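Chain by chain, the residues:
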Amino acid sequence: MAPEEWLSLIQNATKVAIIQDGKKKVHFVLEDGREMVEEYHLETNVLVRRAWKEKNRLGQDIGWNVEIGDPEPKQNNIEVCGIQESSNAPFITRRITKTSLEWRIRNLSYPQNVYSVTAEDDGTITVRTTNKKYFKKIIVPDLERAGVKPEQDRISFTHQYNTLIITYKKPPALMDLEKKVLVEISSVPTKQSGDVQCPTS
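It should be emphasised that the depicted structure is a prediction, and the values quoted were computed from it without experimental measurement.

Basis of the calculations
- Residues numbered from 1 in each chain as written.
- Predicted model: local features only at pLDDT ≥ 70, side-chain atom pairs only at ≥ 80, totals over all residues.
- Heavy atoms only, no water.
- Helix = DSSP H or I, 4+ residues; strand = E, 2+ residues; numbered from the N terminus.
- Buried < 20%, exposed > 50% of the residue type's maximum accessible area, 1.4 Å probe, protein only.
- Contact = heavy atoms within 4.5 Å.
- Areas by Shrake-Rupley, 256 points an atom, 1.4 Å probe, with all protein chains shown as cover.
- pLDDT = per-residue confidence, 0-100.

With respect to the overall build of the protein
On a plain count of helices and strands, the protein comes out with four helices and 13 strands. Of all 201 residues assigned to the protein, the portion counted as buried reaches 38%. Pairs at least 24 apart in sequence give 47% of the contacts found in the protein among residues at least 6 apart. Counting every atom, the protein has about 11900 Å² of accessible surface; 49% of that belongs to carbon and sulfur.

Have a look at this one:
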């Protein structure tokens, strides 16, 4: 995707914004009918959450897919189908700061020296362990929207408290795109919480 495409999607979307809990929450309905909610910290303008409304094949709403921020609480499947996902399984959460993209992969107990984190030609960031116990290709939508691929020298990682923390320094193309999107979002008329019903994610 070229940066102009993502910016155009944002510019042409129907947008509603409210101020709530120290955040600016913006609800987008894109021209293709998809719905997205973003939350920005009021003081820093840093994006703290992005979620997409998901539909099944019949077009029925089935919840929200969280791209950035803490995931939605999972339903307990044990009552539905008799099985339950292990609470010890590794899972990823995403954060964004002013200067970097960040992933936290929790429930990884191996020492730091077994991990490798590499930028791949297919546009992903891949996590491997030398003990062959964990492998994950991480798709990076922010870089795709900015029209760039990950670069190895922008990647750093550390491991503590059973969590692998991967940091990717934002390239200029992404920072430029984020600034343009922020200008667009700052022009959306904003209402205080209670004045308008904004879809929750």
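Continuing now.
Examining the confidence of the model for the protein
Confidence along the protein averages 89 in pLDDT terms, with 88% of residues attaining 70 or more. In this model, residues 76-81 is a region of pLDDT below 50 whose contacts with residues beyond four sequence positions or in other chains number five contacts.

Some remarks on the side chain of Glu 35
For Glu 35, the location among the structural elements is in strand β3 (residues 35-41). Classification of Glu 35 as buried rests on a relative accessible area of 17%. Dropping the residues within four chain positions of it, Glu 35 is found in contact with His 27, Phe 28, Val 29, Ala 51, Trp 52, Lys 53 and Trp 64.

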